[in-house]
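Listed below are the residues making up each chain.
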Amino acid sequence: MAGKYRKLLDEGLSFLSLDLDQGQREQLDAYIAELELFNPVYKLVAAQGEDLVIRHIFDSLSGVQTLRALSAAYPSCRIADFGSGAGLPGIPLAIALPSCSFTLVERMGRRVDFLRNALLRASLSDKVQVVDRDLKEVKDRFDIITFRAFHPLADILDVVAELLSENGYVCAYKAVQEQVEEELVQVKRTCKSSWTANFVPLQVPRLEASRMLCLLQKI
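Note that the coordinates shown come from a computational prediction; the quantities given were computed from them, not determined experimentally.

Novice: Honestly, the overall build of the protein in this entry has me stumped. Any pointers?
Specialist: Counting its secondary structure elements, the protein contains eight helices and seven strands. Radius of gyration (C-alpha) of the protein: 16 Å, near the 17 Å computed for a compact globule of 219 residues. Judged by the C-alpha coordinates and their principal axes, the protein covers about 50 × 35 × 35 Å. Residues counted as buried form 54% of the 219 residues belonging to the protein. Within the protein, contacts between residues at least 6 apart in sequence are counted, and of these 70% link residues at least 24 apart. The protein carries 26 positive and 29 negative side-chain charges, and their two centres are separated by 3 Å.

Novice: So what exactly am I meant to see when it comes to helix H2 (residues 22-42) here?
Specialist: Given a rise of 1.5 Å per residue, 21 residues ought to cover 30 Å, and the 29 Å separating the end C-alpha atoms of H2 matches this to within 8%. Glutamate 36 marks the point of greatest bend in H2, at about 25°, and the proline proline 40 comes within the next four residues. At the N-terminal boundary of H2, the capping side chain belongs to aspartate 21, with an oxygen 3.1 Å from the backbone nitrogen of glycine 23.

Novice: It is not clear to me how the packing of aromatic side chains should be interpreted in this structure. Could you clarify?
Specialist: Remark: the centre distance and the inter-plane angle together describe each pair of aromatic rings, the angle taken between the planes. Enumeration according to the criterion identifies four aromatic pairs in this entry. On the numbers, 5.6 Å between centres and 45° between planes, the contact of phenylalanine 38 with tyrosine 42 is tilted. A residue pair is termed a helical-turn pair when its members lie 3 or 4 positions apart in one helix, as phenylalanine 38 and tyrosine 42 do in helix H2 at four residues. For tyrosine 42, a relative accessible area of 22% translates into the label partly exposed. Between phenylalanine 38 and phenylalanine 114, the ring centres sit 6.0 Å apart and the planes meet at 65°, which makes this aromatic pair edge-to-face.

Novice: In this structure, what is going on with the packing of helix H7 (residues 153-161) against helix H8 (residues 177-190)? I would like to understand it.
Specialist: Between two packed helices, the angle of one axis relative to the other and the distance separating the axes together describe the packing. It is the contact of H7 with H8, at a shortest axis distance of 8 Å, that shows an interaxial angle of 55°. The orientation of H7 relative to H8 falls into the category oblique. Between H7 and H8 lies a crossing whose hand is right-handed. Contacts between H7 and H8 involve Leu153, Ala154, Leu157 and Asp158 from the former and Val180, Glu183, Leu184, Gln186, Val187 and Thr190 from the latter.

Novice: Quick question: what am I supposed to make of the layout of surface pockets here?
Specialist: Gaps left between atoms are located by rolling a probe of water-molecule size over the structure's atoms. There is about 470 Å³ of room inside the largest pocket. Lining the largest pocket we find 24 residues, and of these Gly83, Ser84, Glu106, Ala149 and Phe150 sit closest to its centre. Looking at the lining of the largest pocket, the element that brings in the most residues is H7, giving three residues. Considered class by class, the residues forming the lining of the largest pocket number 11 nonpolar, five polar and eight charged. Of the voids in this model, the second largest pocket is the one considered here, and its volume is about 160 Å³. Taken together, Glu181, Leu184, Val185, Val187, Lys188, Ser193, Ser194, Trp195, Thr196, Ala197, Leu216 and Ile219 make up the full set of residues lining the second largest pocket.

Novice: Would you mind going over the side chain of arginine 148 with me for this structure?
Specialist: Here arginine 148 lies in strand S4 (residues 142-148). Within polar-contact distance, the side chain of arginine 148 engages the side chain of aspartate 59 at 2.6 Å.

Novice: Help me understand the side chain of threonine 66 in this model?
Specialist: Residue placement: threonine 66 occurs in helix H4 (residues 64-71). Classification of threonine 66 as buried rests on a relative accessible area of 16%.

Novice: Which parts of the structure should I look at to understand the nonpolar core?
Specialist: Generally speaking, a soluble globular protein has its nonpolar side chains buried in company with each other. Ranked by internal contacts, the top residues of the largest apolar core, which has 55 residues, are Tyr31, Ile57, Leu61 and Ile91. Per-element tally for this core: the top contributor is helix H3 (residues 49-61), with six residues. Setting aside residues no more than four positions away along its own chain, isoleucine 57 makes contact with Leu28, Tyr31, Ile32, Leu52, Leu88 and Pro92.

Conventions used here
- Residues numbered from 1 in each chain as written.
- Predicted model: local features only at pLDDT ≥ 70, side-chain atom pairs only at ≥ 80, totals over all residues.
- Heavy atoms only, no water.
- Helix = DSSP H or I, 4+ residues; strand = E, 2+ residues; numbered from the N terminus.
- Rg over C-alpha atoms; globule rule 2.2 N^0.38 Å.
- Buried < 20%, exposed > 50% of the residue type's maximum accessible area, 1.4 Å probe, protein only.
- Contact = heavy atoms within 4.5 Å.
- Lys, Arg positive; Asp, Glu negative; His and termini not counted.
- Charge placed at Lys NZ, Arg CZ, Asp CG, Glu CD.
- Expected span 1.5 Å × (residues − 1).
- Bend = angle between axes of the 7 residues up to and from the residue.
- Polar contact = N/O pair within 3.5 Å; in protein donor to acceptor, adjacent residues only side chain to side chain.
- Phe/Tyr/Trp six-rings, centres within 6.5 Å; stacked < 30°, edge-to-face > 60°.
- Axes fitted to C-alpha atoms, helices over the stretch in contact; angles between N-to-C directions.
- Parallel < 35°, antiparallel > 145°, perpendicular 65-115°, else oblique.
- Left-handed = near helix turned anticlockwise from the far one by under 90°.
- 1 Å grid on protein atoms, 1.4 Å probe; cavity = no way out; pocket = protein on both sides within 12 Å on 5 of 7 lines; lining within 4 Å.
- Points joined across faces, edges and corners; volume = space filled by probe spheres on them.
- Nonpolar A, V, L, I, M, F, W, Y, C, P; charged D, E, K, R; others polar.
- Core = buried A, V, L, I, M, F, W, Y, C linked by side-chain atoms within 4.5 Å.

Written out as structure tokens, the structure is:
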């Protein structure tokens, strides 16, 4: 299975200006292989084949340059992926950002089992931790918190606020900016915490869909 999508990955990584070394490429191959192996049983993502690589791997990696720039502000940057599910975007980000430590927060048992196995197969167990708890039970703090296809912002930002380090960032993978702006209106109406927001457009190789990062900081 290793190298199955080598040509597609070469194209996508070049498009994203990501120069992964041989070890990182092997980690990415191992993760994709594990995702393909377990997806039919665990229903981890709604895609397969090249579509899986484009919609999930490339989409996750499209945020690397932004997260790399943000992480440079922290001596030992700690990044958390909330509602990690199949390890997206956390595992591709951990492969591409080896200087950062990662925590994957996921409360569903079968997905937790998949994550631990995938990290073992991709030789990431030493730098990526899995926390099998609900967000409200997490006690740690992180410099950057990211999530993808997770709850609406208004539902979770008060919880997230308690887990973010001083001057930390929330980096939410989102689609259409207008929809995110509607979510932010609801945040102002219902959340106790106050936030500033910036939008970073993302270009995902071979994906003709609107993608962006919503960068949030507590006021």
